[in-house]
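The lines below spell out each chain.
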Amino acid sequence: MKFRPLHDRVLVKRLESEEKTAGGIIIPDTAKEKPMQGEVVSVGSGTRGEDGKLVALDVKAGDRILFGKWSGTEVKIDGEELLIMKESDILGVLA
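Residues numbered from 1 in each chain as written. Predicted model: local features only at pLDDT ≥ 70, side-chain atom pairs only at ≥ 80, totals over all residues. Heavy atoms only, no water.

Taken together, the side chains of Met36, Leu66, Leu91 and Leu94 define a hydrophobic patch exposed on the protein surface, amounting to about 340 Å² of accessible area. Looking at where Leu94 falls in the secondary structure, it is placed in strand 8 (residues 90-94). By relative accessible area, Leu94 is classed as partly exposed at 34%. (Patch = residues over 30% accessible without salt bridge, like charges linked within 9 Å, V, L, I, M, F, W, Y side chains within 5 Å. Areas by Shrake-Rupley, 256 points an atom, 1.4 Å probe, with all protein chains shown as cover. Salt bridge = Lys/Arg side-chain N within 4 Å of Asp/Glu carboxyl O. Helix = DSSP H or I, 4+ residues; strand = E, 2+ residues; numbered from the N terminus. Buried < 20%, exposed > 50% of the residue type's maximum accessible area, 1.4 Å probe, protein only.)

Bringing the sheet that holds strand 7 (residues 80-86) into the picture now. Taken together, six strands build an open sheet; the order of strands is 6-7-1-2-5-8 and the sheet is antiparallel. In this open sheet, the two edge strands, each paired with only one partner strand, are strand 6 (73-77) and strand 8. Across the sheet, the mean angle separating the axes of adjacent strands is 45° when strand polarity is ignored. (Pairing = 2+ DSSP bridges. Axes fitted to C-alpha atoms, helices over the stretch in contact; angles between N-to-C directions.)

Located in the positive-phi region is His7, a residue other than glycine, with phi close to 50°. Relative to the elements of secondary structure, His7 occurs in the segment before strand 1 (9-14). Positioned with a positive phi, Asp78 is a non-glycine residue whose angle comes to about 50°. Within the fold, Asp78 resides in the loop between strand 6 and strand 7.

All told, the structure shown has three salt bridges when counted by the stated rule. Taking the shortest distance from any N to any O, the salt bridge between Glu80 and Lys13 comes out at 3.4 Å. Pair noted here: Glu80 is in strand 7 and Lys13 is in strand 1, with a separation of 67 residues, a long-range link. Since its relative accessible area comes to 38%, Lys13 is described here as partly exposed. The salt bridge involving Arg14 is made with Glu74; its shortest N-O contact spans 3.5 Å. Here Arg14, found in strand 1, pairs with Glu74, found in strand 6; they are 60 residues apart in sequence, far enough to count as distant.

Let us look at the pairing of strand 6. Where strand 6 and strand 7 come together, five bridges link them in antiparallel fashion. Note that in strand 7 the partner of Lys76 across the bridge is Glu81. Linkage of strand 6 to strand 7, two consecutive antiparallel strands, is achieved through a turn of two residues, within which Asp78 is found at a positive phi near 50°.

The biggest cluster of nonpolar side chains holds 10 residues, and these are Val10, Val12, Val40, Leu57, Val59, Ile65, Phe67, Leu83, Met85 and Ile90. Among the secondary structure elements, those contributing two or more residues to this core are strand 1, strand 5 (64-67) and strand 7. Other than its neighbours up to four places away in sequence, Ile90 contacts Val10, Val59, Ile65, Leu66 and Met85. (Core = buried A, V, L, I, M, F, W, Y, C linked by side-chain atoms within 4.5 Å. Contact = heavy atoms within 4.5 Å.)

Okay, here's the thing in structure tokens:
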């Protein structure tokens, strides 16, 4: 199924969290925190400015991003868990 977010929304796939700590201790699934990093899967067309012109988003598909802990809405598309969030929920792009 193809999915394209509308307006200033972004579809994000969470990056997997670490399985071990720096000291080598394996973290069980129940103790893991949800990662706050993700990869942009697709983006909306942008928002309309006050002059009526379309303002494109700063992120694009393939960007690695950092977002807030409680950002976005979790959805399941074709069995894959993804997040839909507004561009304003994105804290920054990882280089």
